[in-house]
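# Remarks on the overall topology
The lines below spell out each chain.
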Amino acid sequence: MLAIEKYQHEFIEYLETYSTVKEPENLYAPIQYILELGGKRLRPILTLMAADIFADDYKNALNAALSIEVFHNFSLVHDDIMDDAPLRRGHETVHEKWDINTGILSGDAMLIMAYQLFENYEAPVFLELAKLFSKTALEVCEGQQYDVDFETRSDVSVPEYLKMIEYKTAVLVAAAMKMGAIVAKASKEDQDNIYSFGRYLGIAFQLQDDYLDAFGDPKTFGKQVGGDIIENKKTYLYLKALEFSNKEDSKALSQLFASNPEDATSKIETAKEYFVKTGSAEATKKAIEAYTLKAFAVLESLNIPEHKKAMLKTFGSNLMNRTV
């Protein structure tokens, strides 16, 4: 296995060869734009890493990795339209730079392009990749709908929230790893186990994102700290704070998350105080650790050398201890 930076470098080099500049320009220029905006490239890195884990030349998985990245960015284009978001990675969102219709159509084209990349594989591998991709893409849509539904509900439960982040975030992380295993022609058992590893890690990753949104360092987090609080999102932190609150605090917190002050500074600080006071912040950190340990437990079932299991464990640990 290589260093994470090596997989990232190889993927970015390959991405740069994937030019989408063609006619009509107003369909393809937005696609090139969003793909060049950067990001962690976590999912394609996982695809390459998984292929490497199962003793394959990881470069054979570059098209599968690119497919995951194109799909992920397609989902961001459409999410930004739904959220009316002005910025993505510090730059104008596609629908702001062009318009909503362009964002919708270019996003649709990206979904098709993601499927096209599987055509570079032989028929049996193509079939397995396409089946997994279709299942995952539908689950991501379901997760997004749950997220939208939760905005107008006051009775969201912790299990419902965990299901939402599993579908919206974790299944794509899991699929990214399983795609690498499929390309490497790993056994069905190993494919399923690496999927479970990615799913648990994906849930922990999103819970960590929730935590950092409230308690991250503004200098390193890369997004506005307190964004979820400003948007009244019913995150794990919020739901656990309600669960642990007395009747008076629960009512006050609910009212706080129904408010939209022009200056949200005080709202953010008050919410964070509730998260700490109720034990919600600590409970969230424990949940992150619990899901990370579930991921690590799956590693014992993988038919790979111990040093590769150790490297996957190190990767997971670094991901959970991140500040961005």
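Refer to the preceding data block for the structure.
The structure reproduced in this document is the subject of the present report. From a predicted model like this one, the values you see are computed outputs, not experimental measurements. Counting of residues starts from 1 at the beginning of each chain's written sequence and follows it residue by residue. Selection of residues for local features in this predicted model requires a pLDDT of at least 70, selection of side-chain atom pairs for listing and counting requires 80 or more, and totals for whole chains, interfaces and linings are taken over all residues. Computation of side-chain values covers all heavy atoms of the structure but excludes hydrogens and water.

A carboxyl oxygen of Asp or Glu within 4 Å of a side-chain nitrogen of Lys or Arg is what we treat as a salt bridge. According to the stated counting rule, one finds 19 salt bridges in the structure shown. With a shortest N-O distance of 3.9 Å, Lys59 and Glu10 are connected by a salt bridge. With Lys59 in the loop between α3 (42–53) and α4 (62–83) and Glu10 in helix α1 (residues 4–17), this pair connects stretches of sequence that are 49 residues apart. Summary of the burial criterion: residues with accessible area below 20% of their type's maximum are buried, those above 50% are exposed, and those between are partly exposed, where the area comes from a 1.4 Å probe applied to protein chains only. Judged by its relative accessible area of 44%, Lys59 is partly exposed. By relative accessible area, which is 11% here, Glu10 ends up buried. Three or more residues joined by partner-sharing salt bridges are found here, namely Lys6, Glu10 and Lys59. Only DSSP runs of H or I covering at least 4 residues are called helices, and only runs of E covering at least 2 are called strands; the numbering of each starts at the N terminus.

Each Phe, Tyr or Trp ring (for Trp, its six-membered ring) is paired with any other whose centre lies within 6.5 Å, and the angle between the two planes then decides the class: stacked below 30 degrees, edge-to-face above 60, tilted in between. Inspection of the entire model under this criterion finds 12 aromatic pairs. With 5.2 Å between their ring centres and 75° between their planes, Phe71 and Phe133 make a pair best called edge-to-face. A residue pair is termed long-range when its members are at least 10 positions apart, and Phe71 in helix α4 and Phe133 in helix α7 (residues 123–150) qualify at 62 residues. Relative accessible area serves as the criterion here: at 2%, Phe133 is assigned to the buried category. Arranged with centres 4.7 Å apart and planes meeting at 80°, the rings of Tyr115 and Phe133 form a pair that is edge-to-face. Of this pair, Tyr115 sits in helix α6 (residues 100–116) while Phe133 sits in helix α7; the two residues are 18 residues apart in sequence, bridging distant segments of the chain.

A separate point is empty space enclosed by the protein. The definitions used throughout rest on a 1 Å grid laid over the protein atoms alone, on which a cavity is an enclosed set of points accommodating a 1.4 Å probe that cannot get out and a pocket is an open set flanked by protein within 12 Å on both sides along at least five of seven lines; lining residues are those having an atom within 4 Å of a point. Grid points are joined across faces, edges and corners, and a volume is the space filled by probe spheres set on the points. Throughout the structure, instances matching the rule amount to one cavity of 30 Å³ or more. The space that makes up the largest cavity amounts to roughly 30 Å³. In terms of lining, the largest cavity is formed by Asp210, Asp213, Ala214, Asp228, Ile229, Thr235, Leu237, Phe257 and Phe275. Sorting the residues of the lining of the largest cavity by element identifies α9 (188–215) and α11 (227–230) as the ones contributing at least two each.

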